[in-house]
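Structural overview for review
Given next are the chains, with one letter for each unit.
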Amino acid sequence: MQGILRSHYKLVEEYLNKLQQENLVNPCYPSCEIILQHKEKLSEIYKNYREAFEQMAIIINQFEEHKQSVRRLITLQKKKKKEVLKTINEHSKTLFEAKEESILSL
């Protein structure tokens, strides 16, 4: 995705300002009205771009927060799995020792 660089926006705005100044000194085509329409359109485009950019930043932040939440869930799941395996191993060891004792007592 390619963005609109602020410097490019300013450059186009400068071009329109120069056209407007030249038109005031030596009225010719394009008319001041057309230049003003272009300036308004340029401002509108950049305003919409900035709003979309800000919205995208919000969405990206939401994604990053969600990703961290998922990572925490994975970490918790791994810890619980280790605890369960440890408990199973301890019980297995206890059962094995109990069976071993019962066999020896026979």
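Attention in this report is confined to the structure presented alongside it. Keep in mind the model is a prediction, meaning the values are calculated, not measured. (Residues numbered from 1 in each chain as written. Predicted model: local features only at pLDDT ≥ 70, side-chain atom pairs only at ≥ 80, totals over all residues. Heavy atoms only, no water.)

1. Re the overall build of the protein
Rule in force here: Counting from the N terminus, the helices are DSSP H or I runs at least four residues long and the strands are E runs at least two residues long. Remark: exposure states derive from per-residue accessible area (1.4 Å probe, protein chains only) relative to the maximum for the residue type, with buried under 20%, exposed over 50%, and partly exposed in between. Residue burial considers only the protein chains on display, and all accessible areas are found by Shrake-Rupley using a 1.4 Å probe.
Of the regular secondary structure elements, the protein holds two helices and zero strands. Each of the 106 residues in the protein was classed as buried or not, and the buried ones make up 8%. Summed over all atoms, the accessible surface of the protein reaches about 9700 Å², with 60% contributed by carbon and sulfur.

2. Topic: the nonpolar core
Quick note on the threshold: In plain words, nonpolar cores are sets of buried Ala, Val, Leu, Ile, Met, Phe, Trp, Tyr and Cys residues tied together by side-chain atoms within 4.5 Å. Residues are treated as being in contact if the distance between any of their heavy atoms lies within 4.5 Å.
Counting six residues, the largest nonpolar core is built from Tyr9, Leu16, Ile35, Leu42, Tyr46 and Tyr49. If you list the elements that add at least two residues to this core, you get α1 (6-25) and α2 (32-105). Element by element, the count of residues in this core is highest for α2, at four residues. Not counting residues up to four positions away in its chain, the partners in contact with Leu16 are Ile35, His38, Lys39 and Leu42.

3. Notes on the pattern of salt bridges
Which entries qualify depends on this criterion: A pair is scored as a salt bridge if a Lys or Arg side-chain nitrogen falls within 4 Å of a carboxyl oxygen belonging to Asp or Glu.
Under the criterion given, the structure shown has four salt bridges. The closest approach of N and O atoms between Glu13 and Lys10, which form a salt bridge, is 3.3 Å. Within this pair, Glu13 and its partner Lys10 are both found in helix α1, separated by three residues, close to a single helical turn. With relative accessibility at 22%, the residue Glu13 sits in the partly exposed group. Residue Glu83 is joined to Lys80 by a salt bridge in which the shortest nitrogen-to-oxygen separation is 3.9 Å. With Glu83 and Lys80 both in helix α2 and three residues apart, the pair spans about one turn of that helix.

4. Section: the packing of aromatic side chains
Rule in force here: Pairing of aromatic side chains here covers Phe, Tyr and the six-membered ring of Trp, requires ring centres within 6.5 Å, and sorts the geometry by plane angle: under 30 degrees stacked, over 60 edge-to-face, intermediate tilted.
Using the criterion set out here, one finds three aromatic pairs in the structure. Here Tyr9 and Tyr46 contribute two aromatic rings whose centre-to-centre distance is 4.2 Å and whose plane-to-plane angle is 20°, an arrangement assigned as stacked. Taken together, the positions of Tyr9 in helix α1 and Tyr46 in helix α2 put the pair 37 residues apart, joining distant regions of the chain. By relative accessible area, Tyr9 is classed as buried at 10%. Ring plane angle 40° and centroid distance 5.7 Å describe the contact between Tyr46 and Tyr49, whose orientation is recorded as tilted. A residue pair is termed a helical-turn pair when its members lie 3 or 4 positions apart in one helix, as Tyr46 and Tyr49 do in helix α2 at three residues. The pair formed by Tyr46 and Tyr49 is uniform in burial state, with each residue classed as buried. Taken together, the ring pairs connect Tyr9, Tyr46, Tyr49 and Phe53 into an aromatic cluster.

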